[in-house]
Amino acid sequence: MNNVTIKFQNPFEAHLSIINFINKEQTIKAFEAINWEQLNIDIYEKHDDVIHDYYFFEVSYIDHVTFEHTINLSGLYTHGENLEQNGPQFYLRYTRPKEKTSRGFLGLGALKTKTISATLEMDDCIKPFALECLRAFLNHNTTFLENEIVNHISFNS
């Protein structure tokens, strides 16, 4: 993988952390090294100290055609019994290029294909599923990601 960028936004730190990409395994370890459970507890106990309500781990890369692919795993505030029983939960956003074909004005004319940025989103992902999606992303397993991230589909151009 070339041109890989890894970012982590801690809810208690003003600046975004950039993590150097070494390899896929180290990227997984970097995600696992974040104590998401404790972050949720700290957010509850120290809410006045929270700088960013949107905290996340994000990996992106530029493919050979210069399109950006991104997976963003943001912590969903989880507390109490839900945190104890299910562990931390995540909002997952997967953005990738996708070809879109249309006929132009009023559906008339020749078919035109353009590449757009498309996003799949999913709420309430548990940590094992988030890790599975991160592994699939790092292995360019778009089939898994397309089939498993099912709650919401939106296309942004």
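Per chain, residue numbering runs from 1 following the sequence as it is written. Owing to the predicted nature of the model, reporting of local features is limited to residues with pLDDT of at least 70; listing and counting of side-chain atom pairs is limited to 80 or more, with chain, interface and lining totals taken over all residues. Remark: hydrogens and water are excluded; side-chain values derive from all non-hydrogen atoms of the structure.

Caption draft 1: Up close: the side chain of Ser74. Runs of E in the DSSP output that reach at least two residues are strands. Runs of H or I that reach at least four are helices, and both are numbered from the N terminus. In this fold, Ser74 is placed in strand β4 (residues 68-76). Contacts were defined at the residue level, with two residues in contact if any of their heavy atoms lie within 4.5 Å. In this view, Ser74 contacts Tyr54, Tyr55, Phe56, Gln89, Phe90 and Tyr91; residues no more than four positions away in its chain are not counted.

Caption draft 2: Highlighting the packing of helix α1 (residues 24-33) against helix α4 (residues 127-138). Lines fitted to C-alpha atoms define the axes here, with helix axes fitted over just the stretch in contact, and angles between the N-to-C directions of these axes take values from 0 to 180 degrees. Packing of α1 against α4 brings their axes to within 10 Å, and their N-to-C directions diverge by 155°. In terms of axis orientation, α1 runs roughly antiparallel to α4. Classified by chirality, the crossing of α4 by α1 is right-handed. Where α1 abuts α4, its residues Lys24, Thr27, Ile28, Phe31 and Glu32 lie against Lys127, Ala130, Leu131, Leu134, Arg135 and Leu138. In terms of residue class, the contact of α1 with α4 is built from 6 nonpolar, 1 polar and 4 charged. For this classification, under 35 degrees means roughly parallel, over 145 means roughly antiparallel, 65 to 115 means roughly perpendicular, and everything else is oblique. Less than a right angle of anticlockwise turn of the near helix away from the far helix marks a crossing as left-handed, whereas a clockwise turn marks it as right-handed. Under the scheme applied here, ten amino acids are nonpolar (Ala, Val, Leu, Ile, Met, Phe, Trp, Tyr, Cys and Pro), four are charged (Asp, Glu, Lys and Arg), and all others, including Gly, are polar.

Caption draft 3: Broad picture of unusual backbone geometry. The backbone phi angle of Thr66 is positive, close to 70°, even though this residue is not glycine. Within the element layout of this structure, Thr66 appears in the loop between β3 (56-62) and β4. Exposure is judged per residue with a 1.4 Å probe applied to protein chains only, and the accessible area is read against the type maximum: over 50% gives exposed, under 20% gives buried, and values in between give partly exposed. A relative accessible area of 62% means that Thr66 is categorised as exposed. Its identity is not glycine, yet Asp124 carries a phi of approximately 55°, on the positive side.

Caption draft 4: Local environment of the pairing of strand β5 (residues 89-102). In terms of strand pairing, β4 meets β5 through 7 bridges, oriented antiparallel. By the bridge assignment, Ser74 is partnered in β5 with Tyr91. A strand pair is defined by DSSP finding two or more bridges across the two strands. Relative to strand β6 (residues 112-126), β5 runs antiparallel, the two being bridged by 13 bridges. Within β6, the position partnered with Arg96 by the bridge is Ala118.

Caption draft 5: The arrangement of the nonpolar core in detail. Residues grouped as a nonpolar core are buried Ala, Val, Leu, Ile, Met, Phe, Trp, Tyr and Cys residues, joined through side-chain atoms within 4.5 Å. Core analysis: the biggest nonpolar cluster contains 34 residues, and Phe31, Trp36, Phe57, Val59, Leu92 and Leu134 have the highest contact counts within it. With 8 residues, the single largest contributor to this core is α4. If we ignore the near neighbours within four places in the chain, the residues touching Leu134 are Ile28, Phe31, Phe57, Val59, Ile71 and Leu73.

Caption draft 6: Geometry of the environment of His79. Here His79 lies in the loop between β4 and α3 (80-86). Residue His79 is classed as partly exposed on the basis of its relative accessible area, which comes to 42%.

Caption draft 7: Focus on the pattern of salt bridges. Note on definitions: salt bridges are taken to be side-chain nitrogens of Lys or Arg within 4 Å of carboxyl oxygens of Asp or Glu. Tallied over the entire structure, the rule returns 3 salt bridges. Between Glu146 and Lys98 there is a salt bridge; the shortest N-O distance is 3.8 Å. Linking Glu146 in helix α5 (residues 142-148) with Lys98 in strand β5, this pair joins segments that are 48 residues apart in sequence. Residue classification places Glu146 among the partly exposed positions, given a relative accessible area of 28%. Sharing partners across several salt bridges, the network here consists of Arg96, Lys98 and Glu146.

Caption draft 8: Looking closely at the packing of aromatic side chains. Centre distance within 6.5 Å is the pairing criterion for rings of Phe, Tyr and Trp, where only the six-membered ring of Trp is used; planes under 30 degrees apart are then read as stacked, over 60 as edge-to-face, and the remainder as tilted. Considering all chains together, one arrives at 9 aromatic pairs under this definition. Relative to Tyr55, the ring of Trp36 has its centre 6.1 Å away and its plane inclined at 25°; by these criteria the two rings are stacked. With a gap of 19 residues between them, Trp36 in helix α2 (residues 36-45) and Tyr55 in the loop between α2 and β3 connect regions that are remote in the sequence. Across the pair, exposure class does not vary: Trp36 and Tyr55 are buried alike. Ring plane angle 85° and centroid distance 6.2 Å describe the contact between Tyr94 and Phe137, whose orientation is recorded as edge-to-face. Of this pair, Tyr94 sits in strand β5 while Phe137 sits in helix α4; the two residues are 43 residues apart in sequence, bridging distant segments of the chain. Here Tyr94 matches Phe137 in class, with each residue buried. Of the aromatic side chains, those joined through ring pairs into one cluster are Phe8, Phe31, Trp36, Tyr55, Phe57 and Phe90.

By themselves, these figures tell us nothing about what the structure is for.
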